[in-house]
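Residue-level structural notes
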Amino acid sequence: MWKRDEAVRPTTGTTTPPAGAPSGTTAGQRSDVDVRTQIERDMVNIGKSVVIKGELNGSEDLTIEGHVEGKIELKEHVLTIGPNGRIKAQVFAKAVIVLGEVTGNVTASEKVDIRDNGSVDGDIIAPRVAIAEGAHFRGSVDMQRKGGTVSARPAVTENKGDGKVAAAAPMPAQAAATAPRANA
Amino acid sequence: MSGSGTSRSLTDLFSRFGARRVEEAEKAAEPAPEQDLVFPTKALRKFLSCLTARESPVLLDLGPVVGSNVSFFGEQLGCKIIVEDLYADVERHLRRDALDTLPEFFGKRFPQDDGTVDGILCWDVLDYLDREAAQVLASQLTRLLRPDGALLGFFGTAQTRELHYTKYVVVDDTNLRHRPYPATRGRQGILLNREIIRMFEGLRVSDSFLLKMNLREILFRKPGPA
């Protein structure tokens, strides 16, 4: 009985074979690999040795491992600054994930995520900002909200002592260009 | 014979239970690892109420960036947060052996206009500075603060030899988590109350609390227009 159950157990979803799996892979595992390959093929990557100076516009997700100076605009897409990426630019995107270094202002309509060892020197405008423990950040954070005011939010003085304050719904940030911070 | 044997074994049994109880009590009494201490704060709530009295308040945080603090002040309270890690400045000057230039550096450190900040989280940075640098910094912070604005500062009340800075993580409006991280130089003496008050000339002490953590927390307010 137990053996029969083992025999019908699906092979996908629970384990993922390592890259370059042996020839004994099942059809499900092969399709996983195919999907991953397809995703990797669709993901645009600016390699380590690439240096771009100027304006970068796009309508697909982008990963930058090289150097970019100027302006980056991916308003409906995700921009990932890889661990080797070095950016000196104003950035506008739907979401920005930083694992490398960014010098310049970052505006995202959804989220800015500075991961461990990621670094941002500049002002961030985004409704959600996540900064990991080992990340570096210097600048200001502005999480815009509905109507640009915070009058609807409950004041802390109204808090009943449970230490929780209700959060107002954030609104997508407007891609207002701000001048780069003056370096003190 | 057998009776004494029984009593001996019972004594052994009780003593074992007793010992275990003592061990358990000792374990319970052990302080939490220093890495992750939560301590109550009385001034933070008042500081927050000063901030939330304004629309879109501007908050200046003088400590290292803490992701959860950014979420707390930015997402929950709607603050615009300016992070200026002065502990990193102190470290950088120490490494360059240029501590004597810190007062001049602090004099030009903040590009913001006068009276443009609603709240300042000063934490305990003044404890790590020499008097001259501390005075220049205090004057700059007083300049930046808007009338009716608030400044929250922590000041050590006991001299320690520990070489660490502290990240203050807001747990809620009455508790802070304190997370030490390495420093090249420890606290530089203890500031007396009157010295602190004199340093922040132009601000008035709204509240002052002595904490169990060998810290005094002081909430300063800048007097509003008459």
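As the structure is a computational prediction, the values presented were derived from the model and not from experiment.

1. Brief notes about the packing of aromatic side chains
All names here are of chain B. Considering all chains together, one arrives at 12 aromatic pairs over all chains under this definition. With a centroid separation of 5.2 Å and an interplanar angle of 15°, the aromatic rings of Trp123 and Tyr168 are classed as stacked. A residue pair is termed long-range when its members are at least 10 positions apart, and Trp123 in strand S4 (residues 117–123) and Tyr168 in strand S6 (residues 164–172) qualify at 45 residues. Judged by relative accessible area, Tyr168 falls into the buried class, the value being 3%. Residues Phe200 and Phe220 carry aromatic rings whose centres are separated by 4.7 Å and whose planes lie at 35° to one another, so their mutual orientation is tilted. Of this pair, Phe200 sits in the loop between helix H7 (193–199) and strand S8 (204–211) while Phe220 is found in strand S9 (residues 215–221), placing the two residues 20 residues apart along the sequence. An aromatic cluster of three or more residues is present, and its members are Phe39, Trp123, Phe154 and Tyr168. One Lys or Arg, Arg109, reaches over the ring of Phe110 and ends 5.7 Å from the middle of that ring. For Lys167, the ring lying beneath its charged end belongs to Tyr181, and the centroid distance is 5.7 Å.

2. A few points about helix H4 (residues 86–95) of chain B
Residue and element names in this part refer to chain B. For H4, the buried fraction is high: seven of the 10 residues fall into the buried class. Where H4 is buried, its residues touch helix H5 (102–109), S4, helix H6 (131–144), S6 and strand S7 (175–182). For H4, the N-terminal cap is Asp85; the gap from its side-chain oxygen to the backbone nitrogen of Tyr87 is 3.1 Å.

3. Some points on the pattern of salt bridges
Using the criterion set out here, one finds 20 salt bridges over all chains in the structure. Measuring nitrogen to oxygen at the nearest pair gives 3.0 Å for the salt bridge that ties Arg115(A) to Asp113(A). When its relative accessible area of 34% is taken as the criterion, Arg115(A) is described as partly exposed. Across the pair Arg138(A) and Glu84(B) runs a salt bridge whose closest N-O atoms are separated by 3.0 Å. Of this pair, Arg138(A) sits in strand S11 (residues 136–142) while Glu84(B) is found in the loop between strand S3 (80–83) and H4, placing the two residues in two different chains. For the pair formed by Arg138(A) and Glu84(B), the shared burial category is buried. One connected set of salt bridges, linked through shared partners, spans Arg138(A), Glu84(B), Asp89(B), Arg92(B) and Arg109(B).

4. Details of helix H2 (residues 43–52) of chain B
Given 3.6 residues to a turn, an α-helix orients residues that are three or four positions apart in the same direction. The buried count for H2(B) comes to seven of 10 residues, which makes it a mostly enclosed element. Among the residues making up H2(B), those that are buried are Ala43(B), Leu44(B), Phe47(B), Leu48(B), Cys50(B), Leu51(B) and Thr52(B).

5. Details of the sheet that holds strand S1 (residues 37–40) of chain B
All names here are of chain B. Spatially, the three strands line up as an open sheet ordered S1-S7-S6, and their pairing is antiparallel. Strand pairing shows two members of the sheet lacking a second neighbour, S1 and S6, which therefore form its edges. Direction aside, neighbouring strands of the sheet carry axes that sit 35° apart on average. Sheet analysis places S1 next to S7, joined by four bridges and oriented antiparallel. Of the residues in S7, the one forming a bridge with Val38 is Arg177.

Scoring rules and cut-offs
- Residues numbered from 1 in each chain as written.
- Chains lettered and ligands numbered in written order.
- Predicted model: local features only at pLDDT ≥ 70, side-chain atom pairs only at ≥ 80, totals over all residues.
- Heavy atoms only, no water.
- Phe/Tyr/Trp six-rings, centres within 6.5 Å; stacked < 30°, edge-to-face > 60°.
- Helix = DSSP H or I, 4+ residues; strand = E, 2+ residues; numbered from the N terminus.
- Buried < 20%, exposed > 50% of the residue type's maximum accessible area, 1.4 Å probe, protein only.
- Lys NZ or Arg CZ within 6 Å of the ring centre and 35° of its normal.
- Contact = heavy atoms within 4.5 Å.
- Polar contact = N/O pair within 3.5 Å; in protein donor to acceptor, adjacent residues only side chain to side chain.
- Salt bridge = Lys/Arg side-chain N within 4 Å of Asp/Glu carboxyl O.
- Pairing = 2+ DSSP bridges.
- Axes fitted to C-alpha atoms, helices over the stretch in contact; angles between N-to-C directions.

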